[in-house]
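# Residue-level structural notes
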Amino acid sequence: MLSIVLILLTSLCLSAQERGPYDTVRVYAYITPEGDTIPESILPPVEVIGKLTGKWKRHWAEWTRLRNAVYVTYPYAIAASKVMNEINARLVNVSDKQKRRAIIKSREKELKREFADQLTKLSVYQGKVLMKLIYRQTGNNCYEIIQEYKGGFNAAFWQTIAVIFGSNLKQNYDPYNKDRDMETIVRDVEVMYGYKS
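Everything numeric in this text was worked out from a predicted model, so none of it was measured.

Here we take up a nonpolar patch on the surface. Together, L52, W56 and W60 line one region of the surface with nonpolar side chains, adding up to about 330 Å² of accessible area. Turning to its location among the elements, L52 is positioned in the loop between strand 2 (37-40) and helix 2 (54-91). Residue classification places L52 among the partly exposed positions, given a relative accessible area of 47%.

Turning our attention to the pairing of strand 2. Where strand 1 (residues 28-31) lies against strand 2, 4 bridges are found, and the strand directions are antiparallel. Residue Y28 lies in a different strand from strand 2, and its bridge partner there is E40. If you look at the hairpin formed by strand 1 and strand 2, you'll find 5 residues sitting between the two strands, and G35 has a positive phi there, around 100 degrees.

On to the packing of helix 5 (residues 142-150) against helix 6 (residues 152-164), then. Packing of helix 5 against helix 6 brings their axes to within 7 Å, and their N-to-C directions diverge by 145 degrees. When the axes of helix 5 and helix 6 are compared, the crossing they make is right-handed. Counted together, Y143, I146, Q147 and K150 of helix 5 and G152, N154, A155, A156, W158 and Q159 of helix 6 form the full contact between these two elements. A class-by-class count of the residues in the contact of helix 5 with helix 6 yields 5 nonpolar, 4 polar and 1 charged.

Applying the stated rule across the entire model yields 8 salt bridges. A salt bridge links E183 to R136; its shortest N-O distance comes to 2.9 Å. Here the residue E183 occupies a position in helix 7 (residues 180-193), and R136 occupies one in helix 4 (residues 124-138), the gap between them amounting to 47 residues. Each member of the pair, E183 as well as R136, carries the same accessibility label: buried. Taking the shortest distance from any N to any O, the salt bridge between E183 and R187 comes out at 3.0 Å. Of the two residues, E183 and R187 are both situated in helix 7; the distance of 4 residues between them amounts to about one turn of the helix. What makes E183 buried here is its relative accessible area of 8%. Several salt bridges converge on common partners, so that one network encompasses R136, E183, R187 and E190.

Rules behind the numbers
Think of each chain on its own: its residues are numbered from 1, step by step along the sequence as written. Given that this is a predicted model, residues contribute local features only at a pLDDT of at least 70 and side-chain atom pairs are listed and counted only at 80 or more, while totals for whole chains, interfaces and linings are drawn from all residues. Note: side-chain values were computed over all heavy atoms of the structure, leaving out hydrogens and water. The patches reported here contain residues having more than 30% relative accessible area and no salt bridge. Joining distances are 9 Å for like charges and 5 Å for nonpolar side chains (Val, Leu, Ile, Met, Phe, Trp, Tyr). Note on areas: Shrake-Rupley with a 1.4 Å probe; residue coverage comes only from the protein chains shown. Whenever a carboxyl oxygen of Asp or Glu lies within 4 Å of a side-chain nitrogen of Lys or Arg, that contact is scored as a salt bridge. Numbered from the N terminus, helices here are DSSP runs of H or I no shorter than four residues, and strands are runs of E no shorter than two. Relative accessibility under 20% of the residue-type maximum defines a buried residue, over 50% an exposed one, and the middle range a partly exposed one, all with a 1.4 Å probe and only protein chains included. At least two bridges found by DSSP between two strands is the condition for calling them paired. To define axes, lines are fitted to C-alpha atoms, for helices over the stretch in contact only, and angles between the resulting N-to-C directions are given on a 0 to 180 degree scale. Take the far helix as your reference; a near helix turned counterclockwise from it by less than a right angle gives a left-handed crossing, and one turned clockwise gives a right-handed crossing. Only heavy atoms enter the contact rule, under which two residues are in contact if any of them lie within 4.5 Å. Note on residue categories: nonpolar means Ala, Val, Leu, Ile, Met, Phe, Trp, Tyr, Cys or Pro, charged means Asp, Glu, Lys or Arg, and polar means any other residue, Gly included.

What follows is the structure, encoded as structure tokens:
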């Protein structure tokens, strides 16, 4: 019995000294800026392919639709912001109501000439996105803007039209919750095209 145990121990010791190709693992070291050494290994890339479920297909379809709408409407929101700043700069020292109306009306004619054809080609969905982006750029919703420049009656009239088409001129922009996806896309567009907020 003792001889059998000795033979087993001897064979185990001899086999432990033999090494195969997979007995050692090469570990690289990463040295941190503080001087610590951390073991590091590089894993080969893994490709995972799966089918999209109905929920994710809908999500990506909505994302793509929103992204396309932002790409189309964001330049108009920037233009609206610039125009409002110009009008406000011209109206700073003007207290006479007729002069104020004349300044607003002259700028309105220029804007209609420049943007009317392009804006009438927007879909209702793109119009909703544009209203949110205008709020983002100016800090005022479209109802407040119309009320300020054209009066309360016009604002109420256009609000009624917007409600009929399933929209709302009083909608706000919430970049941290409801409009987080839109904010992400807008930031990408700003970086891509060099716009500054």
